Amino acid sequence: MVSISKDTDEFTHSPTSIKVLRSTYLQRHARTWMAALLLSADSVSLLAAGLAGVGLRMLLYELVNPPFYWSLAPLIALFLGVYALQRLYPAVGLSPVEELRRLTLTTSAVFLFITAVTFWVRTAEYYSRLVYAFAWLFALGFVPIGRWIIRIIAVNLGLWGEP
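Every value quoted in this text rests on a predicted model; they were computed, and no experiment measured them. (Residues numbered from 1 in each chain as written. Predicted model: local features only at pLDDT ≥ 70, side-chain atom pairs only at ≥ 80, totals over all residues. Heavy atoms only, no water.)

Taken together, the side chains of Ile145, Trp148, Ile149, Ile152, Ile153 and Leu157 define a hydrophobic patch exposed on the protein surface, amounting to about 590 Å² of accessible area. Looking at the element boundaries, leucine 157 is found in helix H5 (residues 129-157). Overall, leucine 157 belongs to the exposed group, its relative accessible area being 54%. (Patch = residues over 30% accessible without salt bridge, like charges linked within 9 Å, V, L, I, M, F, W, Y side chains within 5 Å. Areas by Shrake-Rupley, 256 points an atom, 1.4 Å probe, with all protein chains shown as cover. Salt bridge = Lys/Arg side-chain N within 4 Å of Asp/Glu carboxyl O. Helix = DSSP H or I, 4+ residues; strand = E, 2+ residues; numbered from the N terminus. Buried < 20%, exposed > 50% of the residue type's maximum accessible area, 1.4 Å probe, protein only.)

Now the structure itself:
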C-alpha cells in the first residue's frame, strides 16, 4: 500500500505495494523489455562471433592486424536493424523454427551484403575472407544460443512473457 503523510509530502511504500507497482510496470511494457533483452543478446552474440572469427583465424594463420577488425563493430547495428525489419524483436508469436529460419537467412544475407560492399569499395585486401567466413558460421550458432540463454535468464527473473 502507498500512503501519503499529511504533514510531509513523503510517500511510504510497503514491500507488497512495490512488488505490485513493479509487476504492473513490467506487464505494461513486457514487449519492450523482451525486445531490449533480445537486442542485448544479439549484440553480444554478434560481437562474440566476430571475436571468435578473428581468434580462430589467428590460431590457424598469422593475422597481421587484429585490432583493425574493431572498425567493423558498428556493423552490428546493421544486423540489429535488419533483424528488426524481419520482426525478430520481440519475436512474440514466432515458432522456434520460424525464428531460427529468419535468423539464419537474415544473418547470411547481411554477411553477404557486407562482403559484397567490401569488394565493391576495394577494401577486401585489408580484411581476411576467412575471418568473414568464420564470423558468419559462429554468428549462425551464437545468435540463436544467445537468445535461448537470455530467455532462460529472463524467465527465471520474471522478466519474460506477456500477461
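Contact pair helix H3 (residues 76-85) / helix H4 (residues 96-120): the axes reach a minimum separation of 10 Å and the direction vectors enclose 140°. One way to sum up the angle between H3 and H4 is to call them oblique. Here the hand of the crossing between H3 and H4 comes out right-handed. Contacts between H3 and H4 involve Leu78, Phe79, Val82 and Tyr83 on the former and, on the latter, Leu103, Thr106, Thr107, Val110, Phe111, Phe113 and Ile114. (Axes fitted to C-alpha atoms, helices over the stretch in contact; angles between N-to-C directions. Parallel < 35°, antiparallel > 145°, perpendicular 65-115°, else oblique. Left-handed = near helix turned anticlockwise from the far one by under 90°. Contact = heavy atoms within 4.5 Å.)

Across the protein chain, the average pLDDT comes to 84, with 79% of residues at or above 70. Taking the mean pLDDT of every element in the protein chain, the minimum, 47, falls on strand S1 (residues 2-4) and the maximum, 97, on H3. Confidence drops under a pLDDT of 50 for residues 1-5, and excluding neighbours within four residues, the segment shows 14 contacts in the predicted structure. (pLDDT = per-residue confidence, 0-100.)

Membership of the largest hydrophobic core comes to 27 residues, with the highest contact counts inside it found for Leu46, Phe79, Leu80, Tyr83 and Tyr89. Contributing elements (two or more residues each) for this core: helix H2 (30-60), H3, H4 and H5. (Core = buried A, V, L, I, M, F, W, Y, C linked by side-chain atoms within 4.5 Å.)

We now examine H4. With 25 residues, H4 ought to run about 36 Å at 1.5 Å a step, and its terminal C-alpha atoms sit 36 Å apart, in line with that. Looking at the packing, one finds that the buried side of H4 touches H3 and H5. Looking one or two places after H4, you find arginine 122, whose phi comes out positive at around 60°. (Expected span 1.5 Å × (residues − 1).)

Another point: unusual backbone geometry. Looking along the chain, the bond that leaves tyrosine 89 and enters proline 90 is cis, with omega of 0°. Looking at the secondary structure, you find proline 90 in the loop between H3 and H4. Look at arginine 87: it is not a glycine, yet its phi comes out positive at around 60°. Non-glycine residue alanine 91 carries a positive phi angle of around 65°. Among the secondary structure elements, alanine 91 is positioned in the loop between H3 and H4. Overall, alanine 91 belongs to the buried group, its relative accessible area being 9%.

On to H5, then. Its 29 residues give H5 an end-to-end C-alpha distance of 41 Å, which sits within 8% of 42 Å, the value for a rise of 1.5 Å per residue. At alanine 139, H5 shows its strongest bend, of approximately 30°. Of the surrounding secondary structure, the elements contacted by the buried residues of H5 are H2, H3 and H4. Put simply, serine 128 is the residue that caps the front of H5, since its side-chain oxygen is 3.2 Å from the backbone nitrogen of leucine 130. (Bend = angle between axes of the 7 residues up to and from the residue. Polar contact = N/O pair within 3.5 Å; in protein donor to acceptor, adjacent residues only side chain to side chain.)

This brings us to the environment of tyrosine 89. With respect to the secondary-structure elements, tyrosine 89 resides in the loop between H3 and H4. Sequence separation between tyrosine 89 and arginine 31 is 58 residues, and the spatial gap between their C-alpha atoms is 8.4 Å. Looking at tyrosine 89, its side chain comes within polar contact range of the side chain of aspartate 42, at 2.6 Å.

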